[in-house]
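# Report on the structure
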Amino acid sequence: EQGFQKSLGELSARVGELNPTQKAIVRFYQRKVRERVRIPVSLTKACVEAQARSYDVWVKARGENDFKAFAPFLSEVLRLKREVADCLKENGQSRYEAMVQLFEPELPLATTERLLLELRERLVPILPKILERQKAKPPQDKSLPMSLANQEGVNRWILEKMGFDFSMGTL
């Protein structure tokens, strides 16, 4: 691990020589190292164990529409995630912002919130139409496997519709 961090430090010092993809990779691993250093191993282990314990309870409770059975497990996972957020917060961030940065590290929270609000404004009005259409069509057999090529095609189509720049990232 020290060898990796040393190499990462050397790359960071030479970041001006790297292409945009390489710079993004360096930033990614810098974040991962920072997370690993800030979050104690015991907390990471507790989170994984709590999530594993809660999964089967969640599946059963969901099937039986019994939130009360799942609530204590959810409370424990949330308590641990708050601890993780406290470990990650920096520069006056809220817990929420610290956790959002795990998923969208280079997108400011204000931009993320604006995008989500725009999506909500566009999606909420069409939700009744979607639900009506679902009622009109019989459910499809979801157990049929989709080939990897078809999955990639669907995801590529979605990314293209979103305006994703394939020269700046990959699927």
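In what follows, the structure referred to is the one given above.
The notes below deal with the structure included here. Throughout, a residue's number is its position along its own chain's written sequence, starting from 1. The predicted origin of the model limits local features to residues at a pLDDT of at least 70 and limits the giving and counting of side-chain atom pairs to 80 or more, whereas totals for whole chains, interfaces and linings rest on all residues. Excluded from the side-chain calculation are hydrogens and water; included are all heavy atoms of the structure.

Right, let's talk about the environment of alanine 85 for a bit. Counting from the N terminus, the helices are DSSP H or I runs at least four residues long and the strands are E runs at least two residues long. Examined against the element boundaries, alanine 85 turns out to sit in helix H4 (residues 67-88). Taking relative accessible area as the criterion, alanine 85 reaches 1% and is therefore assigned buried. Throughout this description, buried means an accessible area under 20% of the type-specific maximum (1.4 Å probe, protein chains only), exposed means over 50%, and partly exposed covers the range between.

Aromatic rings from Phe, Tyr and Trp, with only the six-membered ring used for Trp, were paired whenever their centres fell within 6.5 Å, and each pair was classed as stacked if the ring planes differed by under 30 degrees, edge-to-face if by over 60, and tilted otherwise. Per the stated rule, a full pass over the model turns up four aromatic pairs. When the ring of phenylalanine 4 is compared with that of tyrosine 29, the centres are 5.6 Å apart and the planes differ by 75°; the resulting orientation is edge-to-face. Remark: tyrosine 29 occurs in helix H2 (residues 20-38) and phenylalanine 4 occurs in helix H1 (residues 2-13); sequence separation between them is 25 residues. By relative accessible area, which is 36% here, tyrosine 29 ends up partly exposed. Ring centres 5.0 Å apart and planes at 80° place the aromatic pair phenylalanine 164 and phenylalanine 166 in the edge-to-face group. The partly exposed category is assigned to phenylalanine 166, whose relative accessible area is 30%. Put simply, the rings of Phe4, Phe28 and Tyr29 pair up and form one aromatic cluster.

What follows covers the pattern of salt bridges. Salt bridge, as applied in this entry: a Lys or Arg side-chain nitrogen positioned within 4 Å of an Asp or Glu carboxyl oxygen. Going through the model one piece at a time under the given rule, you end up with 13 salt bridges. Between glutamate 106 and arginine 27 there is a salt bridge, and its shortest N-O distance comes to 2.6 Å. Placement of the pair is glutamate 106 in the loop between helix H5 (95-103) and helix H6 (109-123) and arginine 27 in helix H2, with a sequence separation of 79 residues. With a relative accessible area of 33%, arginine 27 lands in the partly exposed category. Ionic pairing is found between glutamate 76 and arginine 79, a salt bridge with its closest N-O pair at 2.8 Å. With glutamate 76 and arginine 79 both in helix H4 and three residues apart, this pair spans about one turn of that helix. Glutamate 76 sits in the partly exposed class, given a relative accessible area of 28%. Relative accessible area serves as the criterion here: at 38%, arginine 79 is assigned to the partly exposed category. Beyond isolated ion pairs, a larger network of salt bridges with shared partners links Arg27, Arg31 and Glu106.

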